[in-house]
Structures are given as structure tokens and as C-alpha cells.
Amino acid sequence: MIVGGGPAGLAAATYLGRFRRRVVVFDAGESRAKLIAITRNCPGFPDGISGPELLSRLRQQALLSGAELREEALQDIKRDGAEFIAAGPTSVRAGAVLLATGVVDTLPDIPLATDMIRGGTMRLCPICDGYEIIDKRVAVIGPLKEAMRKASFLRNLHPRPHRARDQRGVSDR
Ligand SMILES: Cc1cc2nc3c(=O)[nH]c(=O)nc-3n(C[C@H](O)[C@H](O)[C@H](O)COP(=O)(O)OP(=O)(O)OC[C@H]3O[C@@H](n4cnc5c(N)ncnc54)[C@H](O)[C@@H]3O)c2cc1C
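Owing to the predicted nature of the structure, the values given are computational and were not obtained by experimental measurement.

Draft legend 1. Representation of the domain arrangement of the chain in the model. Assigned domains within the chain: domain 1 (2-99) and domain 2 (113-155). Of note, the centres of domain 1 and domain 2, computed from C-alpha atoms alone, are 28 Å apart. Opposite the four residues of domain 1 that make contact, domain 2 presents eight residues. When the two sides are added together, the surface that domain 1 and domain 2 hide from each other amounts to roughly 560 Å², 45% of it contributed by carbon and sulfur. Of all residues in domain 1, Leu 35, Arg 40 and Asn 41 bury the most surface against domain 2, accounting for 67% of the area lost on that side. Our count for the domain 1 to domain 2 interface comes out at one salt bridge. Glu 132 is the partner of Arg 40 in a salt bridge, and the nearest nitrogen-oxygen pair spans 2.7 Å.

Draft legend 2. Structural detail: the pattern of salt bridges. In this structure the tally under the stated criterion is ten salt bridges. Arg 70 is paired through a salt bridge with Glu 68; the nearest N and O atoms lie 2.8 Å apart. Looking at Arg 70, the relative accessible area reads 17%, which means it is buried. Exposure remark for Glu 68: the relative accessible area of 30% places this residue in the partly exposed category. Sharing partners across several salt bridges, the network here consists of Arg 22, Glu 68 and Arg 70.

Draft legend 3. Representation of the pairing of strand 4 (residues 76-80) within the structure. Judged from the five bridges that link them, strand 4 and strand 5 (residues 83-87) form a sheet pairing that is antiparallel. In the strand pairing of strand 5, Arg 79 is matched with Phe 84.

Draft legend 4. Inspection of the layout of surface pockets at higher detail. The computed volume of the largest pocket comes to approximately 740 Å³. Along the walls of the largest pocket sit 26 residues, with Met 122, Arg 123, Leu 124, Val 140 and Ile 141 positioned nearest its centre. Those elements that provide at least two residues to the lining of the largest pocket are helix 4 (126-129) and helix 5 (144-157). Sort the elements by how many residues they give to the lining of the largest pocket and helix 5 lands first, with three residues. For the lining of the largest pocket, the class distribution of residues is 14 nonpolar, five polar and seven charged. The space that makes up the second largest pocket amounts to roughly 640 Å³. Lining of the second largest pocket is provided by 27 residues; of these, Glu 30, Ser 31, Arg 32, Thr 101 and Val 103 occupy positions nearest its centre. A per-class count over the lining of the second largest pocket returns 13 nonpolar, seven polar and seven charged.

Draft legend 5. Quick look at the site of the ligand. Looking at the ligand, there are 29 residues lining it, with Asp 27, Glu 30, Ser 31, Thr 39 and Leu 74 nearest. Interatomic distance of 3.4 Å between a backbone N/O atom of Gly 29 and an oxygen atom of the ligand. Glu 30 places a main-chain nitrogen or oxygen 2.8 Å from an oxygen atom of the ligand. Protein burial of the ligand: of its 990 Å² of free accessible surface, 80% is covered by the chains. Where the shell around the ligand is concerned, the elements lending two or more residues are helix 1 (7-18) and helix 4. Looking at the shell around the ligand, its residues break down into 14 nonpolar, nine polar and six charged.

Here is what the cut-offs are and how they apply
- Residues numbered from 1 in each chain as written.
- Predicted model: local features only at pLDDT ≥ 70, side-chain atom pairs only at ≥ 80, totals over all residues.
- Heavy atoms only, no water.
- Domains from an automatic or database assignment.
- Contact = heavy atoms within 4.5 Å.
- Buried area = accessible area lost by both parts, 1.4 Å probe.
- Salt bridge = Lys/Arg side-chain N within 4 Å of Asp/Glu carboxyl O.
- Buried < 20%, exposed > 50% of the residue type's maximum accessible area, 1.4 Å probe, protein only.
- Pairing = 2+ DSSP bridges.
- Helix = DSSP H or I, 4+ residues; strand = E, 2+ residues; numbered from the N terminus.
- 1 Å grid on protein atoms, 1.4 Å probe; cavity = no way out; pocket = protein on both sides within 12 Å on 5 of 7 lines; lining within 4 Å.
- Points joined across faces, edges and corners; volume = space filled by probe spheres on them.
- Nonpolar A, V, L, I, M, F, W, Y, C, P; charged D, E, K, R; others polar.
- Near = heavy atom within 4 Å.
- Polar contact = N/O pair within 3.5 Å; in protein donor to acceptor, adjacent residues only side chain to side chain.
- Areas by Shrake-Rupley, 256 points an atom, 1.4 Å probe, with all protein chains shown as cover.

What follows is the structure, given as C-alpha cells:
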């Protein structure tokens with residue numbers, strides 16, 4: 001049994017299904033990846049892919065490998081001898097549980113924050129998205145210590161890629 005149907009849970013479901021394990025994935029449907037407008041750092045997708053599309057493909061792949069997907073929030077898991085019993089709206093007994101419940105972002109307290117993230121105006125992860133905003137004017141919001149670290153990281157992205165593009169005579173941003 002897998003708790004969480006984001007990229008981690010679904011990738012695990014695909015592999016376990018291919019190992020001929022019976023897999024049930026419970027998912028409450030709140031993957032962080034749902035908010036990704038487009039990511040261009042996912043290997044195999046040079047033109048980028050949106051989070052919802054990536055999740056849809058991962059779900060399809062997990063289903064093809066034989067996993068069962070249940071759109072349910074799991075409320076409780078109990079031990080019963082060597083097994084686990086999970087209770088959501090439906091119940092499952094399993095020999096092993098894989099927790100892939102992800103994390104929840106702390107968003108800045110500004111109106112429409114989630115819509116801004118979904119639209120790509122506000123971003124949460126310099127590592128994921130720093131490349132996307134090279135040469136653009138950026139404000140970093142957050143507690144000073146974290147914001148400074150992120151601002152320094154973003155600052156480092158500017159010089160080298162910029163020069164490389166100039167040398168090729170390409171100006172695409
Ligand atoms: C705007 C944005 C842009 C991003 N861009 C990138 C990017 O470009 N590249 C990149 O690599 N990463 C990116 N990320 C990060 C990426 O989305 C996460 O790393 C990824 O979603 C983590 O996958 P996960 O499966 O661990 O967790 P999640 O995707 O969060 O999935 C966890 C799932 O578990 C479910 N769950 C939790 N508790 C229960 C329960 N009790 N019962 C049932 N289900 C439960 C949740 O509802 C959720 O569906 C971005 C994130 C955001 C928000």
C-alpha cells in the first residue's frame with residue numbers, strides 16, 4: 001500500500017507493479033506538482049511539461065503496471081500482527097506501507113498566492129525555477145535568512161548563462 005499519489009508515490013507504484021506486487025495507492029489529490037505551470041527540468045521532456053500533465057502520465061503508467069489508484073485521503077493506519085490495516089472511506093490490509101505524502105509549502109500571506117504560483121508569477125523553488133527567470137527582475141519574499149540564501153543563489157545564475165548566450169549571439173529573454 002502506498003499513501004500519496006504525487007510523483008514519488010506514483011513512481012514507486014509503477015516499479016512495484018512491474019515487480020508483480022499488488023499495489024494500492026491512496027491519494028488525497030493535493031500533490032504540490034499540481035501547481036507547476038511548466039517545468040523544463042524533468043528529464044525526457046526538453047520542451048517542458050506541466051505538473052498536471054506529468055501527474056496524469058505518471059498515473060497512467062502506474063495503472064498500466066497494474067497498480068490500483070484510489071482517490072481517497074487515508075485517515076488511519078493500524079498494525080495487525082505482521083500486517084497493516086489502513087482506513088479511509090474504504091479499507092485495505094497490506095504487508096507493507098510506503099509513505100509518500102510529500103510536504104506542504106508555507107505560502108506568503110498575500111492574496112491570491114496560490115493563483116500566482118499556478119500562473120508562474122510567483123515561484124517557490126530557485127533550484128526548480130531559477131533558470132526560468134534569468135535576466136528578469138525578481139523580488140524575493142520570505143524571512144530574511146531564507147530569502148537572502150535564495151537571492152544569493154539566484155544572483156549566481158545570472159553571469160555565466162548570460163555570457164554564454166551573448167557569445168552565441170542569441171538573445172531569447
Ligand atoms: C510551483 C511549483 C513548482 C515546482 N517546480 C518543480 C520543478 O520544476 N521541478 C521539480 O523537480 N520539482 C518542482 N516542484 C516540486 C515538486 O512539485 C515536488 O518535489 C513533488 O511534487 C514532490 O512529490 P511527492 O510525491 O513527494 O509529494 P507531492 O507531490 O506533494 O504528493 C503527495 C501526495 O500525498 C497525498 N497525501 C498526503 N497525505 C495523504 C493521506 N493521508 N492520504 C492520502 N493521500 C495523502 C497528497 O494529497 C499528495 O497528492 C515544484 C513545486 C511547486 C509547488
